[in-house]
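# Summary of structural features
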Amino acid sequence: MLEIQRQQLLLDILDEKKFVTVAELTQLLRSSEATIRRDLVKLDKQNKLVRVHGGAQALETGREGSKLKHIAGNAFWVSRETKADVKRLIAKKAVELCAEGESIIINGGSSTYMMGEFLQDRNLNILTNSFVLAQELAERSTNQISLPGGEIYRKQGIILSAYDNDTTQHYSASKMFMGTPGISEFGVTESDALLIRSEQKLRRQAEKLIVLADSSKLDQRSSFIFCPLTDVDTLITDSNADQKILDSYARLGVEVIVVDGGE
């Protein structure tokens, strides 16, 4: 990631969270602590944020050009462009697993967002907590789209509900598709505790769980466990994946589908 892109993303994260620690930024931006600290020094000197012990806080007056008006935060769009070609192939394969008229659930994320391109000419019933995906499908397809109730979580462009009773409990699906920042023998992991509850509510409404994860996500762990690996029915990844890792997942009952990810 270029310095200017990383610093722009850092400021957008501050727009959403108002205060963020160096440790959080290290994980979100996939950069070293030294790099993040240099960015904070530079941005503080430019009067774009306020450095504090252990992190930074947003300026009280906000900054010109704030991205809060967008449905999805800049973090989502940067993630979407990371390994975009491979994610697109994985998303295409995911859609190929769907039968016409089927009811499915698509969890929000940059990998699952890619499914939208290949769903445009399909006729499915889709429940998604991805506001950006729902908007695209509503404008460009004739699929039946359902959304859970809740508030828009801009960082990832999804809808989160603080309540147990919303439209999710009335939906029944054959498959749920989701991405992940890391999957290993410990399970499918998530980087944000706020997302876990929403995702698990969606999971209870689907018969099968299909995980979309490019090879860089394999044998990786994030902060929170969404579910054990034995709860995953199918993993779709790319041909750069380590075969030993894939074999270990298969031994735990996971169906592994590999798309040609090139070199």
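An account of the accompanying structure is given in this report.

Scoring rules and cut-offs
- Residues numbered from 1 in each chain as written.
- Predicted model: local features only at pLDDT ≥ 70, side-chain atom pairs only at ≥ 80, totals over all residues.
- Heavy atoms only, no water.
- Helix = DSSP H or I, 4+ residues; strand = E, 2+ residues; numbered from the N terminus.
- Pairing = 2+ DSSP bridges.
- Axes fitted to C-alpha atoms, helices over the stretch in contact; angles between N-to-C directions.
- Contact = heavy atoms within 4.5 Å.
- Buried < 20%, exposed > 50% of the residue type's maximum accessible area, 1.4 Å probe, protein only.
- Polar contact = N/O pair within 3.5 Å; in protein donor to acceptor, adjacent residues only side chain to side chain.

### Describing the environment of Thr35
Position of Thr35 relative to the elements: it lies in helix α3 (residues 33-45). Distance in space between the C-alpha atoms of Thr35 and Arg6 is 10.0 Å, their sequence separation being 29 residues.

### Some points on the sheet that holds strand β13 (residues 224-227)
Think of a sheet as strands paired side by side through backbone hydrogen bonds, with each pair either parallel or antiparallel. The antiparallel open sheet is built from three strands, whose spatial order is β10-β11-β13. Of all the strands in the sheet, just β10 (182-184) and β13 have a single pairing partner and so form its edges. Looking at each pair of strands side by side, their axes are set apart by 35 degrees on average, direction ignored. Pairing of strand β11 (residues 187-190) with β13 involves three bridges; the strand directions are antiparallel. Bridged to Glu190 within β13 is Phe224. In this fold helix α9 (residues 193-203) packs onto β11 and β13, with an angle of close to 5 degrees to the strand it touches most, β13.

### Regarding the environment of Tyr171
Tracing the backbone through its elements, the reader meets Tyr171 in the loop between β8 (158-160) and β9 (173-179). Of the residues examined, Tyr171 reaches a relative accessible area of 13% and is grouped as buried. Between the alpha carbons of Tyr171 and Ala206 there is a distance of 8.6 Å; along the sequence they are 35 residues apart. Look past the residues within four positions of Tyr171 in its chain and what remains in contact with it is Ser103, Ile104, Ile105, Asn125, Ile126, Leu127, Ser146 and Gln205. A polar contact is formed between the side chain of Tyr171 and the backbone nitrogen of Ile126, at a distance of 3.4 Å.

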